[in-house]
Amino acid sequence: MISSMTGFGSSKQIQKETEVYCDIKSVNHRFLDVSIKPSDIGNEFDVLIREDVSKKIKRGSVDIRFKLKFPSSNTYTINNESIKNLFNSINSIKSIDTSNIRLSDIKDIPGIIKSEQKTLVNQNLLKKTFKAALNELLENRKTEGEKINKTFISKISKIQNNLAKISKSNPKLTKLRAETLNKKVKMLCDNLDKDRLEQEVAMLVLKHDVAEEIERIDFHLSSLTKELSIKNGSGKKIDFILQELFRETSTLSVKIDHPAYKQIALDMKLSVEEMREQAQNIE
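Residues numbered from 1 in each chain as written. Predicted model: local features only at pLDDT ≥ 70, side-chain atom pairs only at ≥ 80, totals over all residues. Heavy atoms only, no water.

Participant: Which parts of the structure should I look at to understand the overall build of the protein?
Facilitator: Helix and strand content of the protein: eight helices and six strands. Counting helices and strands in the order they occur from the N terminus, the protein gives β-β-β-α-β-β-α-α-β-α-α-α-α-α. Here the protein, with 283 residues, has 34% of them falling under the buried criterion. Long-range contacts, defined here as pairs at least 24 residues apart, represent 79% of the contacts in the protein between residues at least 6 apart. Per element, the accessible surface of the protein, about 18000 Å² overall, is 51% carbon and sulfur. (Helix = DSSP H or I, 4+ residues; strand = E, 2+ residues; numbered from the N terminus. Buried < 20%, exposed > 50% of the residue type's maximum accessible area, 1.4 Å probe, protein only. Contact = heavy atoms within 4.5 Å. Areas by Shrake-Rupley, 256 points an atom, 1.4 Å probe, with all protein chains shown as cover.)

Participant: Got a minute to help me understand the environment of Asn135 in this structure?
Facilitator: With respect to the helices and strands, the residue Asn135 is situated in helix α4 (residues 123-188). Between the C-alpha atom of Asn135 and that of Phe8, which follows or precedes it by 127 residues, the distance is 9.9 Å.

Participant: Which parts of the structure should I look at to understand the packing of aromatic side chains?
Facilitator: Where two aromatic rings form a pair, the distance of their centres and the angle of their planes describe that pair. In the structure shown here, the tally under the stated rule is two aromatic pairs. Ring centres 5.7 Å apart and planes at 55 degrees place the aromatic pair Phe45 and Phe66 in the tilted group. Of the two residues, Phe45 is situated in helix α1 (residues 43-56) and Phe66 in strand β4 (residues 60-69); the sequence distance between them amounts to 21 residues. Phe66 gets classed as buried once you look at its relative accessible area, which sits at 9%. Aromatic pair Phe45 and Phe130: ring centres 6.4 Å apart, planes at 80 degrees, arrangement edge-to-face. Residue Phe45 is located in helix α1, and its partner Phe130 is located in helix α4; the two are separated by 85 residues in the primary sequence. On the basis of relative accessible area, Phe45 is assigned to the buried category, the value being 3%. Its relative accessible area of 0% is what places Phe130 among the buried residues. Its guanidinium or amino end placed over the ring of Phe246, Arg276 lies 5.0 Å from that ring's centre, counting from NZ or CZ. (Phe/Tyr/Trp six-rings, centres within 6.5 Å; stacked < 30°, edge-to-face > 60°. Lys NZ or Arg CZ within 6 Å of the ring centre and 35° of its normal.)

Participant: What exactly am I supposed to notice about the pairing of strand β3 (residues 32-37) here?
Facilitator: Successive residues of a regular strand alternate their side chains across the two faces of the sheet. Bridging between β3 and β4 involves six bridges; their strand directions are parallel. Looking at β4, one finds that Asp33 is bridged to Ser61. Between the parallel pair β3 and β4, the chain is carried across by α1, and the sense of this crossover is left-handed. (Pairing = 2+ DSSP bridges. Right-handed = clockwise from strand over helix to strand, strands pointing away.)

Participant: What is the right way to look at the pairing of β4 in this model?
Facilitator: Pairing of strand β2 (residues 18-27) with β4, which is carried by nine bridges, proceeds in the antiparallel orientation. Paired with Glu19 across the strands is Lys69, a residue of β4.

Participant: Can you help me understand the sheet that holds β4 in this one?
Facilitator: Pairing between the strands of a sheet comes from backbone hydrogen bonds, and it takes one of two forms, parallel or antiparallel. On the basis of which strands lie adjacent, the open sheet formed by four strands has the order β1-β2-β4-β3 and mixed pairing. Since the sheet does not close on itself, it has two edges, and those belong to β1 (7-15) and β3, each with one partner. In this sheet, neighbouring strand axes are inclined to one another by 10 degrees on average, regardless of whether the strands run parallel or antiparallel. (Axes fitted to C-alpha atoms, helices over the stretch in contact; angles between N-to-C directions.)

Participant: I keep staring at the side chain of Ser26 and nothing clicks. Help me out?
Facilitator: Within the element layout of this structure, Ser26 appears in strand β2. Using a relative accessible area of 1% as the deciding quantity, one classes Ser26 as buried. Once residues within four sequence positions are removed from consideration, Ser26 is found in contact with Met5, Thr6, Gly7, Ser61, Val62, Leu137 and Arg141.

Participant: What is the right way to read the packing of helix α7 (residues 235-255) against helix α8 (residues 259-279) from this model?
Facilitator: In a packed pair of helices, the relevant descriptors are the angle between the two axes and the axis-to-axis distance. The N-to-C vectors of α7 and α8 enclose an angle of 160 degrees; their axes lie 9 Å apart at closest approach. Regarding the angle of α7 to α8, the classification is roughly antiparallel. The hand of the α7/α8 crossing is left-handed. On α8, the residues that touch Ile238, Asp239, Leu242, Gln243, Leu245, Phe246, Thr249, Ser250, Leu252, Ser253 and Val254 of α7 are Lys262, Ala265, Leu266, Met268, Lys269, Val272, Glu273, Met275, Arg276 and Ala279. (Parallel < 35°, antiparallel > 145°, perpendicular 65-115°, else oblique. Left-handed = near helix turned anticlockwise from the far one by under 90°.)

Participant: How should the layout of surface pockets be read in this particular structure?
Facilitator: Left-over empty space is what a probe sized like a water molecule reveals as it rolls over the atoms. Estimates place the volume of the largest pocket at around 370 Å³. Around the largest pocket, the lining is made up of 16 residues, and of these Met1, Ser3, Lys56, Asn232 and Glu283 lie nearest the centre. Elements that contribute at least two residues to the lining of the largest pocket include exactly α1 and α4. Top element by residues in the lining of the largest pocket is α4. It accounts for four residues. Broken down by class, the residue content of the lining of the largest pocket amounts to four nonpolar, four polar and eight charged. (1 Å grid on protein atoms, 1.4 Å probe; cavity = no way out; pocket = protein on both sides within 12 Å on 5 of 7 lines; lining within 4 Å. Points joined across faces, edges and corners; volume = space filled by probe spheres on them. Nonpolar A, V, L, I, M, F, W, Y, C, P; charged D, E, K, R; others polar.)

Participant: Honestly, the environment of Asn79 in this entry has me stumped. Any pointers?
Facilitator: Tracing the backbone shows Asn79 in the loop between β5 (72-78) and α2 (80-91). Residues Asn79 and Ile112, spaced 33 residues apart in sequence, show a C-alpha to C-alpha distance of 5.2 Å. Apart from residues lying up to four places away in sequence, Asn79 is in contact with Gly111 and Ile112.

Participant: Can you walk me through unusual backbone geometry in this structure?
Facilitator: With glycine set apart, most residues show a phi of negative sign, and most peptide bonds adopt trans. Cis geometry marks the peptide bond from Lys37 to Pro38, where omega comes out at -5 degrees. You can see Pro38 is positioned in the loop between β3 and α1.

Geometric descriptors of this kind do not, in isolation, establish any biological role.
Right under this line is the structure:
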């Protein structure tokens with residue numbers, strides 16, 4: 001079954017002071033392009049995300065956004081060497097009594113106290129949130145793919161019905177075209193060689209014969225139906241089949257000169273064009 005390149009997934013996990021939110025959006029793209037924000041989540045986790053996405057998604061622009069809130073802890077370190085140097089400098093000034101100096105008096109002097117804030121990152125919660133959002137995205141893409149598949153099946157059925165009408169009428173139209181041409185030429189040239197006339201008529205009729213186009217269109221429709229039914233239908237292959245189908249329906253509509261059947265051929269061409277637009281969204 002085909003999947004759409006368009007989809008959305010989100011997930012959130014909250015445990016005490018820890019909050020993790022993940023939103024993933026994907027849109028059309030010729031290849032797989034993964035964007036992760038914020039970009040400072042760590043190289044190991046960045047690699048894990050990209051590997052996981054590449055295993056499950058073949059094409060599309062995938063935008064992954066995290067919103068993180070982790071608890072933090074502060075550590076403080078007193079630089080004894082700096083304090084020693086400070087007091088040596090103060091003691092060199094006899095007018096200053098160092099016995100009354102307290103920590104609060106010197107704490108703001110650079111180099112005396114070093115503070116460090118450490119964020120307590122919950123990697124397991126981060127991974128759990130991402131995987132839940134990714135699974136929702138994949139389900140969403142699958143659902144959109146099913147909608148496209150239904151549209152394709154409907155249009156393929158319509159084209160097949162129209163093709164059957166043209167195929168059934170082709171012998172009759174060919175005969176009618178030959179008779180019409182014969183009558184026109186005879187009216188203009190009574191003395192024309194009969195054998196030569198029949199040869200020219202046959203060549204003109206053959207030029208407008210659509211049996212070959214009918215056969216090719218039928219083949220392409222079968223190929224398209226097969227590609228839609230397999231487990232991992234390829235958007236690129238479907239697009240290629242539709243290009244060939246569009247070429248054949250265009251030729252068909254040009255060759256047919258009967259107004260009613262020409263309109264049927266044009267309707268087929270329009271259905272193919274509509275499928276080509278939808279195919280741009282298939283993975």
